[in-house]
Amino acid sequence: MNRPLHLIAALVLCSTALQAGQADDDQEELPDTPNSAPGFTPPAESELPDGPFGEMVRYGRDLFVNTQQLRGRFVGNGLNCVNCHIDAGRRADSAPLWAAYTMYPAYRSKNDRVNTLTDRIQGCFRYSMNGAPPPSGSRELSALLSYHYWLARGAPVGVALAGRGYPKLDTPPSAPDIGRGRQVFEAQCAFCHGDDGQGRKAEGAYAFPPLWGRDSYNWGAGMHRINTAAAFIHANMPLGRPESLSVQQAWDVATFINSRERPQDPRHEGDLQETDAAYHAHQCHYGDELDGQLLGSRAHPNPLQ
Ligand code: HEC
Ligand code: HEC
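For every chain, the first residue of its written sequence is number 1, and the numbers climb from 1 along that sequence. Written order decides the labels, with chains lettered from A and ligands numbered from 1. With pLDDT at 70 or above as the cut-off, local features in this predicted model cover only qualifying residues; side-chain atom pairs require 80 or more to be listed or tallied, and sums for whole chains, interfaces and linings still use all residues. Working from all heavy atoms in the structure, the side-chain values ignore hydrogens and water.

The protein chain has the name Cytochrome C in an unreviewed UniProt entry, where Thiohalobacter thiocyanaticus is given as its organism.

Next comes the structure, spelled out in structure tokens:
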């Protein structure tokens, strides 16, 4: 959008009417959960049942924590689902799967259609995993659905549960700043995610996931929104020290990591300004000018498209 980078972010309202028929979109924000929402504890791993259903749940869990086994087929980057849904999708305030399961299907005025849980899972494959979603009815999708279902066992259907999504973060005292964010990154994140943000590998697999670049989430993923990343980071990062960053630091570092190139938005058809106008009128840097380059103009291609 060519806005000066240091001014934007916090003030730009996410008001784009996402176009009708725009399928499997994972970048929508979730509705706020009421303060009175009941809590929920998912069943313990030791309660996993035996038999064919138990096997399917186990396979779903395995795909969720090691999604890289689907790389090249359904996954186009270096991430696993668990990287953003911490503790195998159990952790409250980390978009836990038990809180998601009971809230679909749901009508969203933003894209003017009823979204199913399958749509949401496929959206995370398309954007967060920079991939091509497994078809509805495939063994992979059935396994993932089974795992979501099992974690939600005993939860009330259609009732928003405390801990759903990422907790909404206050607006920062001053506008988020990329330069300050870089300092937070260097002091608090590079140790694990690498000096270049490209993650760290052990035995060929990422032990710490990349925050930008070819192997990270793409320009259409929910996490590329500065507000969503700030909320996730404040509640979950640095890993093991949640809520240790100030609100300002969380926004600053979120604006920094989301001002680096990453894989292209899969809805992009060649004209950056068109893609920006159609899908990016929210708090993000897509299409912004940084160091003489438009962000998105050097995005990495999707290897599965
Ligand atoms: C102690 C190591 C550690 C530190 C420090 C740390 N992270 Fe992480 N981070 C992780 C791990 C491990 C994951 C994946 C979690 C999982 O799979 O359970 C992760 C996941 C993430 C993700 C989602 C996945 C991705 O690659 O995009 C983001 C975003 C993130 N971290 C940002 C940050 C930021 C920003 C900081 C600094 C404020 C930070 N992290 C500090 C270890 C760390
Ligand atoms: C790069 C981070 C990231 C990765 C990797 C990721 N997701 Fe997500 N996921 C998100 C974000 C962001 C949201 C929206 C949460 C919000 O807006 O509060 C989300 C939402 C969801 C939801 C809906 C949650 C709800 O309460 O409605 C489900 C279900 C889901 N993801 C499943 C998956 C699955 C399955 C995978 C792996 C195939 C996956 N995610 C990989 C970031 C990620």
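Next comes the rest of the description.
1. Considerations on the pairing of strand β4 (residues 205-208)
Operational definition: What makes two strands pair is DSSP finding at least two bridges between them. Strands are runs of DSSP state E lasting at least two residues, helices are runs of H or I lasting at least four, and both sets are numbered from the N terminus onward.
Across three bridges, the pairing between strand β3 (residues 200-202) and β4 is antiparallel. Residue pairing for β4: Lys201 is matched across the bridge by Tyr206. A loop of two residues connects β3 with β4, the two strands running antiparallel in sequence, and Glu203 in this loop sits at a positive phi of about 50°.

2. As for helix α8 (residues 226-236)
In plain terms, the rule: Accessibility here uses a 1.4 Å probe with only protein chains present; expressed as a share of the type maximum, an area under 20% marks a residue as buried, one over 50% as exposed, and anything in between as partly exposed. Whether two residues touch is decided by their heavy atoms; if any such pair falls within 4.5 Å, the residues are in contact.
With 11 of 11 residues buried, α8 is to be regarded as a mostly interior element. Looking at the buried residues of α8, the elements they touch are α2 (86-89) and α9 (247-257).

3. Quick look at the UniProt feature "domain: Cytochrome c" (unreviewed entry) in the protein chain
Test applied: UniProt positions are given in the numbering used here, feature names are shortened, and annotations may be inferred rather than shown by experiment.
UniProt annotation of "domain: Cytochrome c" (unreviewed entry) refers to residues 176-261 when read in the numbering used here. Annotated as 43% helix and 8% strand, the span residues 176-261 places its first and last C-alpha atoms 18 Å apart.

4. Considerations on the site of ligand 1
To keep things clear, this is the line we draw: Whether a residue is near a molecule or strand is decided by its heavy atoms; if any one of them lies within 4 Å of it, the residue is near. For the purposes of these results, a polar contact is taken to be a pair of N or O atoms within 3.5 Å, where, inside protein, one atom must be able to donate a hydrogen and its partner to accept one; residues adjacent in sequence count only when each atom of the pair is a side-chain atom. Just so you know the grouping, Ala, Val, Leu, Ile, Met, Phe, Trp, Tyr, Cys and Pro go in nonpolar, Asp, Glu, Lys and Arg go in charged, and all remaining residues, Gly too, go in polar. Start and end points for every domain follow an automatic or database-based domain assignment.
Close contacts around ligand 1 come from 22 residues, with Cys189, Cys192, His193, Pro210 and Met237 the closest. Contact distances for ligand 1 include 2.9 Å between an oxygen atom and a side-chain N or O atom of Asn83. Of the residues assigned to the shell around ligand 1, the class counts are 19 nonpolar, three polar and no charged. Split by domain, the shell around ligand 1 shows at least three residues from each of two domains, domain 1 (9-16 + 167-294) and domain 2 (45-151).

5. Some remarks on the coordination of the iron atom of ligand 2
The condition is simple: Counted as donors are the N, O and S atoms within 2.8 Å of the metal, or 3.2 Å for Na, K and Ca, while water is not among the atoms, so some sites may look incomplete. Any coordination sphere not matching a tetrahedral pattern (four donors, all angles between 85 and 135 degrees) or a square planar or octahedral pattern (four or six donors, opposite donors over 155 degrees apart, other angles between 65 and 115) is reported as irregular.
Those protein atoms acting as donors to the iron atom of ligand 2 are His85 (NE2) and Cys124 (SG), and they sit at 2.1 to 2.3 Å. What the six donor atoms of the iron atom of ligand 2 show is an angle range of 87 to 179° at the metal, which sorts the shape as octahedral. In this pair, His85 is assigned in the loop between α1 (51-65) and α2 and Cys124 in helix α4 (residues 117-128), connecting sequence segments 39 residues apart. For His85, a relative accessible area of 16% puts it in the buried group. The exposure class assigned to Cys124 is partly exposed, which follows from its relative accessible area of 26%.

6. Side note on the coordination of the iron atom of ligand 1
Every protein donor of the iron atom of ligand 1 is listed here as His193 (NE2) and Met237 (SD), and their distances to the metal cover 2.0 to 2.4 Å. Given six donor atoms and angles of 87 to 178° at the metal, the environment of the iron atom of ligand 1 is assigned as octahedral. One end of the pair, His193, is in helix α7 (residues 190-193); the other, Met237, is in the loop between α8 and α9, and 44 residues separate them in sequence. For the residue pair His193 and Met237, the accessibility class agrees, reading buried in each case.

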